[in-house]
Amino acid sequence: LYEKFECDGPRTGEIKGTKYLDKDADGGFDSGDTGIAGWTIKLLDNNNNVIATTTTDSNGNYTFAGLPPGQYYVEEGSQSGYTNSSSIKSALLTV
């Protein structure tokens, strides 16, 4: 048995998420919670350098695509009138 595999180049990954208004302040996304548009989300490398930023869409979704394998931090900016319902300020993710 012989199989041929081709690769179009180095593998890449993506990190996706949703910024939402946690109406019941339980720290989780539940029915009734809504996405927040226009929120700045930062992608940092393992040395805490900002390597990309994006803004959430109309449903609060964001994506960082085309990422090479590695470890990344995702961090959200703050805006007046909002407080975090979770103590987590950033998340370490591996692609």
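Residues numbered from 1 in each chain as written. Predicted model: local features only at pLDDT ≥ 70, side-chain atom pairs only at ≥ 80, totals over all residues. Heavy atoms only, no water.

Counted under the stated rule, the structure contains two aromatic pairs. Between tyrosine 20 and phenylalanine 29, the ring centres sit 4.8 Å apart and the planes meet at 70 degrees, which makes this aromatic pair edge-to-face. For tyrosine 20, a relative accessible area of 22% puts it in the partly exposed group. Cation over ring: lysine 19 sits above tryptophan 39, and NZ or CZ is 4.6 Å from the ring centre. (Phe/Tyr/Trp six-rings, centres within 6.5 Å; stacked < 30°, edge-to-face > 60°. Buried < 20%, exposed > 50% of the residue type's maximum accessible area, 1.4 Å probe, protein only. Lys NZ or Arg CZ within 6 Å of the ring centre and 35° of its normal.)

Formed by Ile15, Ile36, Trp39, Ile41, Leu43, Tyr62, Phe64, Leu67, Tyr72 and Val74, the largest nonpolar core amounts to 10 residues. Every element with two or more residues in this core is listed here: strand 4 (40–44), strand 6 (61–67) and strand 7 (71–76). Per-element tally for this core: the top contributor is strand 6, with three residues. (Core = buried A, V, L, I, M, F, W, Y, C linked by side-chain atoms within 4.5 Å. Helix = DSSP H or I, 4+ residues; strand = E, 2+ residues; numbered from the N terminus.)

Here we take up the side chain of aspartate 22. For aspartate 22, the position within the fold is in the loop between strand 2 (20–21) and strand 3 (34–35). Polar contacts involving the side chain of aspartate 22 include one to the main-chain amide nitrogen of aspartate 26, which spans 3.1 Å. (Polar contact = N/O pair within 3.5 Å; in protein donor to acceptor, adjacent residues only side chain to side chain.)

All right, on to the pairing of strand 5 (residues 50–55) then. Pairing analysis gives five bridges linking strand 4 to strand 5, with the strands arranged antiparallel. Bridge pairing links leucine 44 to valine 50 in strand 5. What sits between strand 4 and strand 5 in their antiparallel hairpin is a turn of five residues, with asparagine 48 showing a positive phi close to 70 degrees. (Pairing = 2+ DSSP bridges.)

This brings us to the pattern of salt bridges. Counting across every chain of the model gives three salt bridges. The partner of lysine 16 in a salt bridge is glutamate 14, and the shortest N-O contact between them spans 3.3 Å. In this structure glutamate 14 comes out as partly exposed when scored by relative accessible area, which is 43%. Between glutamate 76 and lysine 19 there is a salt bridge; the shortest N-O distance is 2.8 Å. (Salt bridge = Lys/Arg side-chain N within 4 Å of Asp/Glu carboxyl O.)

Bridge count for strand 4 against strand 7 is four bridges, and the pairing is antiparallel. Bridging across to strand 7, isoleucine 41 finds its partner in glutamate 76.

Relative to the helices and strands, asparagine 61 resides in strand 6. Note on asparagine 61: relative accessible area 31%, which makes it partly exposed. Separated by 25 residues in the primary sequence, asparagine 61 and isoleucine 36 have C-alpha atoms spaced 8.2 Å apart. Sequence-distant contacts of asparagine 61, that is, excluding residues within four places in its chain, are made with Gly17, Thr18, Thr55 and Thr56. (Contact = heavy atoms within 4.5 Å.)

Bringing unusual backbone geometry into the picture now. Backbone geometry places asparagine 48, a non-glycine residue, at a positive phi of 70 degrees. Within the secondary structure layout, asparagine 48 lies in the loop between strand 4 and strand 5.

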